[in-house]
Amino acid sequence: MLDKSYRPQEVEGKLYSKWMEQGAFECGRSKSDDAFTIVIPPPNVTGSLHMGHALNNTLQDILIRFERMRGKDVLWQPGMDHAGIATQMVVERQLAEQGISRHDLGREAFVDKVWDWKGESGGLIFEQLKRLGATCDWSRERFTMDEGLSKAVRKVFVQLYKEGLIYRDKRLVNWDPKFHTAISDLEVEQREVNGHMWHFKYPVEGEEGRFITVATTRPETMLGDTGIAVHPEDERYSDLVGKFAILPIVGRRIPIVADDYADPEQGSGAVKITPAHDFNDFEVGKRANLEVINIMDESACLNDMVPEEYRGLERFEARKKVVAEIESLGLLEKIEDNPHTVPYGDRSGVVIEPLLTDQWFADAATLAQPAIRAVENGSTRFVPSKWTNTYYDWMRNIQPWCISRQLWWGHRIPAWFGPDGMIFVEETEEAAFAAAEAHYGKSVDLNQDNDVLDTWFSSALWPFSTLGWPEQTPALEKYYQTDVLVTGFDIIFFWVARMMMMGLHFMDEAPFHTVYIHALVRDEHGAKMSKSKGNVVDPLDLMDSYGADALRFFLSVSAAQGRDVRLSEQRVEGYRNFTTKLWNAARFCEMNECTVPEGFDPFAVKEVINKWIVGETVKCEATVREALEGKRDGYRFNDASNAIYAFTWNIFCDWYLEFAKLPFQGNDKAETQATAAWVLDQILKILHPFMPFVTEELWGSLGAERQTDLIVADWPDYAAASIDAAAAEEMEWVQGLITGIRGVRNEMNVPAGAKVPLVFNDGSERDKEWLEQHWDIIARMARLEGRDVDVPLPKGSLQFVHKGATVALPLAGAMDIDAEKARLAKEIGKLNGYMTGLNKKLGNEKFVANAPAHVVDAEKAKLTDAEIQLAKLNDAAARLAEL
C-alpha cells in the first residue's frame, strides 16, 4: 500500500543509486542501430550547480530519457572542462594563504598541485547534477586535460599549423595585468563607471597658435599616440590631412590622417590614435600605416618607450601625471563627466588593457566558411531560428582567434624554439627534436613555448574527442554526428561556432544537426540573478524543499522558446503540489483495486467514459511526442510539459476519476478498474522524462511485478485510429454541462452543500439521451437534486446556453438572494475604493518615474485584475437583479 504522502528526500537518492547499479544510463544497452547522442556542455571543474545549469541539464535529460524509452541507443556524454584561468586562480589563492606563489614552486610542481586539487575538490557539480536526476553515461566521463583529449588537442594544433591555419603574430589582445595573460571576450566584464573625458590640444606643426583638440578617457595612452584621425568629409580639418601635429610631453611628430572611423558628430571630430592600446585604433593604424608603439609592460606599468620620468609608473598614476603636465603646458581644454563602460577581468577584477603581444592565432575566417555554409544549407539549424542571424553576424565578421594564454594550467602549446628562434611544431617533444636535427644538421637545445591553449580550443573538439578521436573508435562511428546541442546564447560564438569549425574541418560533418538555445533564468521580477543583487536562488535549496521533480517540471514548463524563465519559488511549490496530486490519484486507484489484467486491450473497452479517456491518453502522448521529437518548430518543452500536466491534473484526476467513482461502487467495475490502471501507467511513462523520481517510485509500487524499471520501459505506441470521436464528443458535452452549472453556482455564491434543481429545455433528442445516461454523474458533480425537461422556467431561475439547449437553475430556494445582493454591493464598493487608490498611485508621475519597472508593472497588473473582477461582480449583480 502506498504511503499517505510522497517524501522525495527518502526516494530520490535510493532510486538514483538503483539506476546507477543497473547501468541504466550506459550507452550500448539498446542494440538499436538508431543512436541518439548529446554531449553535455562541460561545466568548469571549479563549478557548482546554479539555475542556468539546472535548466540546461533538465532539458537535456528530458530528451535523453524520452529517446531511451523509445528504444534508441542513447549516449549522453558527460565531462568537465579544465577551466584554465579559473582553476589556476583557485589554487594560487590557496597557495597565497600559505604565503607561497606558483613561482616559488615552479611550473611542474604547481601543475601537480592543480591536479591534486582537481582530484580532491573538482567535479562537485557532477554530484549535484545527479541530485537533479541527470542520466549521463558516467562510465564515459571525460576531462579536457585527460590523456585522450590532450592527444586530440596536440594533433589538431599541429595539423592546423602545418596547413597554415595556425600562426604566431603580434596583435592586440585583452590583457589581464593581474594574471599576466590574454583572456577571451567572454572573460571580460563590461562595467558602467562614472569617469571623465579629457580634451587635450595638440599643436599643429608649423602653424603657430593652431591646435587640434582630441578627447580621451585614458590620458595615459597619449604617450603612445602615433596619429590623429579625422573624417574625410569633415571640412573643418580638410586642410590638415597630410600634415603633422606635435605630441605633447613626448615631442613626437604624428600624422593627421583621414579615416571613416572618426565621427564628426562626436567631440571635436578628431580622434587620437594609439594603435598599440586600442582595438579600433589598431585597425586605423593598419589602414594608415601608422607606427605601433607599446608603452606598457605585462603589469600595465609604463615601459621604456615613454619619457624617463614616466617609466615604471602604474597606469593610473601615470594618468594623473599626464593630466597635470598637460594642464601645466596650457593644453588642457576641458574635463567633462563621462559615464562609460570599462572592461574588467571577470575573475581578476582589474581593468583589462588592450596590449600588443606575441600570441598564437587561428585563422578563424577560413575555418568559418564551411561552418557558415552548414547552417545556410540546413545541415545544422538553430532553435529558436532567430539565433541563426546572430551566428551569421559573428561568423561573417570573425577576427583571428587568439588561442594562446600566459598560464601554467592548460594544454601547453606543442611548439619548440630553436637557438635562432626557429619554431618546430610537432605532437611530441621527440618529434620536435628530430625535426630540429633535420633542420640544423645536428642536435640542438630546444625550449618549449611557455604558453597554454585557450580553454575554448580543447572545448571546440568536445563532440568528437570525447568519442575517442583521433582513433577511429566504434563509439566515434556510431555516435558522431551528435543530435542536439542544448546551450545558452552567450556561448554561441565562443563554443558553438568553434565546435562547428573544428567538426567540419576534422570530421567532414557538422557536430550536431540542431542547436537548441535556451533562455536565461531570471528572478521573479525579470532581473538577472547576481550575487551583488542578492537575488541568486540555489537550485539545491529548492530541491531540498520541494524535490527534484518539482524543480525540473517548473524549468521545463517555463522553457518557452525565446522567453526568459522567471524563477518563482511559489511556482516550484505548485509543481510539488502536482506530485502530490499524482500520488493521491495513484492511492485512489490502488484503494479501488485498479490493476491491468493480463491481456487487457484498452482499445476494446465498451463504456463511453473509458473510450473517452483512452482517446484523451492517445492525444496527450501525440502532443508530448511531437514536442520532444523536435521535427516541427524545434523542441517545445513547455508545450510538452503543459500537455502532460493538463492531462494528468485536469482530465484524469479532476474528470475521469470523478466519473469513475460511480462505476467503482457498482458490480460491473472491472473494465473501469483496468482502464484507470492502464491510463495511470501511461501517465507515468509520458511524465517520466520530466518527473523521473515520483513516476519511477509509483511504477515500482503499483500493480503486479514489473518486467523493467520505468527508466528503460517502452514509450507508449498507439495506433492513430484509437480515438473514439463519438465518445469524445459525448463526454465533452457532459463536462461542458457540469462546468456551466458550476460556473453559475460559483458566480452566484451558492453554498457548496446546497443542491439545486435543473431545468433542461430545447435540447436535441441526443442531448436529452445523454442527460439521462449520465444523470447520476452530472447530479453528483454539479450538486443537483432533480431535473425537469422542456417545462416552463420557474421564477428565480438563472439561465445559460449549452450546445443550443437552455439550462436553468432555480436558485430562490437554495440561497438568500437579498443577502447575496447586499454582499455583492459591499464587494463592489470595496473594489472601487481599491481601484481608486491604484489609479491615484499610477497617476503619480513621481512614483512612475522613480519606482523600479517591475514594481510599476505589478501595480498595473493589480489594476487589470481588479477591473476584471469588478466586471464579474457587476455581471453577477445584474443577473441577481433579474431574479
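Attention here is on the structure that accompanies the text. Note that the coordinates shown come from a computational prediction; the quantities given were computed from them, not determined experimentally.

## Focus on the overall build of the protein
Part 1: Scanning the protein from terminus to terminus reveals 29 helices and 29 strands.
Part 2: C-alpha atoms of the protein, sized along the principal axes, occupy 110 × 70 × 55 Å.
Part 3: Here the protein holds 883 residues, and the buried ones make up 54% of them.
Part 4: Taking contacts inside the protein between residues at least 6 apart in sequence as the whole, the part at least 24 apart equals 77%.
Part 5: About 38,900 Å² of surface is accessible on the protein, with carbon and sulfur atoms providing 47% of the total.

## Focus: the sheet that holds strand 29 (residues 805-810)
Note on sheets: strands pair through backbone hydrogen bonds, and any given pair is parallel or antiparallel.
Part 1: The sheet built from four strands is open, its strands ordered 27-26-29-28 with mixed pairing. Looking along the sheet, the strands with just one partner apiece sit at the ends: strand 27 (784-789) and strand 28 (797-802). In this sheet, adjacent strand axes meet at a mean angle of 25° when their direction is disregarded.
Part 2: Pairing between strand 26 (residues 756-761) and strand 27: four bridges, direction parallel.

## Digging into helix 20 (residues 608-629)
Part 1: Taking 1.5 Å per residue, 22 residues should reach 32 Å; helix 20 reaches 32 Å between its end C-alpha atoms and fits that length.
Part 2: Among the residues trailing helix 20, Gly 630 stands out with phi positive, at a value near 75°.

## A closer look at the sheet that holds strand 18 (residues 415-417)
Part 1: Taken in spatial order, the three strands make up an open sheet running 19-18-20, and their pairing is antiparallel. Either end of the sheet is taken by a strand with one partner, and the two such strands are strand 19 (423-425) and strand 20 (447-448).
Part 2: Sheet analysis places strand 18 next to strand 20, joined by two bridges and oriented antiparallel. Across the sheet, residue Phe 417 finds its bridge partner in strand 20, namely Asn 447.
Part 3: Together, strand 18 and strand 19 form the strand contacts of helix 12 (residues 429-440), whose direction differs from that of strand 19 by roughly 135°.

## So, the pairing of strand 11 (residues 253-258)
Part 1: Pairing of strand 9 (residues 227-230) with strand 11, which is carried by three bridges, proceeds in the parallel orientation. Bridging across to strand 11, Val 230 finds its partner in Ala 258.
Part 2: In this structure, strand 10 (residues 244-246) lies alongside strand 11, joined through three bridges in antiparallel fashion. Paired with Ile 246 across the strands is Arg 253, a residue of strand 11.

## Describing unusual backbone geometry
Part 1: Following Val 383, the chain continues to Pro 384 via a peptide bond in cis, the omega torsion being -5°.
Part 2: Turning to its location among the elements, Pro 384 is positioned in the loop between strand 15 (381-383) and helix 11 (387-396).
Part 3: In this chain, Tyr 480 is followed by Gln 481 through a cis amide linkage whose omega measures 5°.
Part 4: One can find Gln 481 in the loop between helix 15 (474-479) and strand 22 (482-488).
Part 5: Backbone geometry places Glu 593, a non-glycine residue, at a positive phi of 55°.
Part 6: Assignment of secondary structure puts Glu 593 in the loop between helix 19 (569-591) and helix 20.
Part 7: Even without being a glycine, Lys 803 presents a positive backbone phi close to 50°.
Part 8: With respect to the element layout, Lys 803 can be found in the loop between strand 28 and strand 29.
Part 9: Lys 803 sits in the exposed class, given a relative accessible area of 63%.

## Some thoughts on the packing of aromatic side chains
Part 1: Going through the model one piece at a time under the given rule, you end up with 45 aromatic pairs.
Part 2: Measuring from centroid to centroid gives 5.2 Å for Tyr 6 and Trp 583, while their planes differ by 35°, and the two rings are tilted. Of this pair, Tyr 6 sits in the segment before helix 1 (8-22) while Trp 583 sits in helix 19; the two residues are 577 residues apart in sequence, bridging distant segments of the chain.
Part 3: The exposure class assigned to Trp 583 is buried, which follows from its relative accessible area of 5%.
Part 4: Each residue in the set Phe 553, Tyr 575, Phe 578, Tyr 645, Trp 649 and Phe 690 is aromatic and connected to the rest through ring pairs, giving one cluster.
Part 5: The lysine or arginine in question, Arg 396, covers the ring of Tyr 392, its NZ or CZ lying 4.0 Å from the ring centre.

## Quick word on the pattern of salt bridges
Part 1: Taken as a whole and assessed by the stated rule, the structure comprises 54 salt bridges.
Part 2: The partner of Arg 131 in a salt bridge is Asp 544, with the nearest N and O atoms 2.9 Å apart. One end of the pair, Arg 131, is in helix 6 (residues 124-132); the other, Asp 544, is in helix 17 (residues 539-546), and 413 residues separate them in sequence.
Part 3: For Arg 131, a relative accessible area of 32% gives the class partly exposed.

## Describing the packing of helix 24 (residues 725-747) against helix 25 (residues 765-773)
Part 1: Relative orientation of the contacting elements helix 24 and helix 25 amounts to 75°, with a least axis distance of 11 Å. Taken together, the axes of helix 24 and helix 25 lie roughly perpendicular to each other. From helix 24, Glu 729, Glu 730, Trp 733 and Leu 737 reach across to helix 25, where they touch Arg 766, Asp 767, Trp 770, Leu 771 and Gln 773.
Part 2: For the contact of helix 24 with helix 25, the residue count by class is four nonpolar, one polar and four charged.

## Some remarks on the environment of Phe 637
Part 1: Among the secondary structure elements, Phe 637 is positioned in helix 21 (residues 637-665).
Part 2: When its relative accessible area of 0% is taken as the criterion, Phe 637 is described as buried.
Part 3: With 287 residues separating them in the primary sequence, Phe 637 and Val 350 have C-alpha atoms 41 Å apart.
Part 4: In this structure Phe 637 touches Leu 59, Ile 62, Leu 63, Tyr 516, Ser 556, Ala 559, Leu 628 and Phe 690, once residues within four positions along its chain are discounted.

## Describing helix 9 (residues 315-328)
Part 1: For helix 9, built from 14 residues, the straight-helix expectation of 20 Å at 1.5 Å per residue is met to within 8% by its first-to-last C-alpha distance of 20 Å.
Part 2: Those residues of helix 9 that sit buried are Arg 315, Ala 318, Arg 319, Val 322, Val 323 and Ile 326. Projected down its long axis, helix 9 shows its buried positions confined to an angular sector of 135°, all on one face. Opposite the buried face of helix 9, by more than 90 degrees, sit the exposed residues Lys 320, Glu 327 and Ser 328.
Part 3: Buried residues along helix 9 sit in contact with strand 7 (188-203), strand 13 (332-345) and strand 14 (353-362).
Part 4: Taking the backbone nitrogen of Phe 316 as reference, a side-chain oxygen 2.8 Å away marks Glu 314 as the first, capping residue of helix 9.
Part 5: Just downstream of helix 9 lies Gly 330, where phi reads positive at about 75°.

## Quick notes on the side chain of His 688
Part 1: Relative to the elements of secondary structure, His 688 occurs in the loop between helix 22 (670-687) and helix 23 (692-701).
Part 2: Setting aside its immediate chain neighbours within four residues, His 688 contacts Trp 19, Arg 65, Met 69, Thr 695, Glu 696, Leu 710 and Ile 711.

## Notes on the environment of Ile 517
Part 1: Tracing the sequence through the fold places Ile 517 in strand 23 (residues 512-518).
Part 2: Its relative accessible area of 3% is what places Ile 517 among the buried residues.
Part 3: Along the chain, Ile 517 and Ile 868 lie 351 residues apart, while their C-alpha atoms are 37 Å from each other.
Part 4: For Ile 517, the contacting residues outside a window of four places in its chain are Phe 382, Val 383, Pro 384, Trp 387, Thr 487, Gly 488, Phe 489 and Ile 492.

About the thresholds
- Residues numbered from 1 in each chain as written.
- Predicted model: local features only at pLDDT ≥ 70, side-chain atom pairs only at ≥ 80, totals over all residues.
- Heavy atoms only, no water.
- Helix = DSSP H or I, 4+ residues; strand = E, 2+ residues; numbered from the N terminus.
- Buried < 20%, exposed > 50% of the residue type's maximum accessible area, 1.4 Å probe, protein only.
- Contact = heavy atoms within 4.5 Å.
- Areas by Shrake-Rupley, 256 points an atom, 1.4 Å probe, with all protein chains shown as cover.
- Pairing = 2+ DSSP bridges.
- Axes fitted to C-alpha atoms, helices over the stretch in contact; angles between N-to-C directions.
- Expected span 1.5 Å × (residues − 1).
- Phe/Tyr/Trp six-rings, centres within 6.5 Å; stacked < 30°, edge-to-face > 60°.
- Lys NZ or Arg CZ within 6 Å of the ring centre and 35° of its normal.
- Salt bridge = Lys/Arg side-chain N within 4 Å of Asp/Glu carboxyl O.
- Parallel < 35°, antiparallel > 145°, perpendicular 65-115°, else oblique.
- Nonpolar A, V, L, I, M, F, W, Y, C, P; charged D, E, K, R; others polar.
- Arc of directions from axis to C-beta.
- Polar contact = N/O pair within 3.5 Å; in protein donor to acceptor, adjacent residues only side chain to side chain.

Remember that the coordinates give geometry; whether it matters functionally is a separate question.
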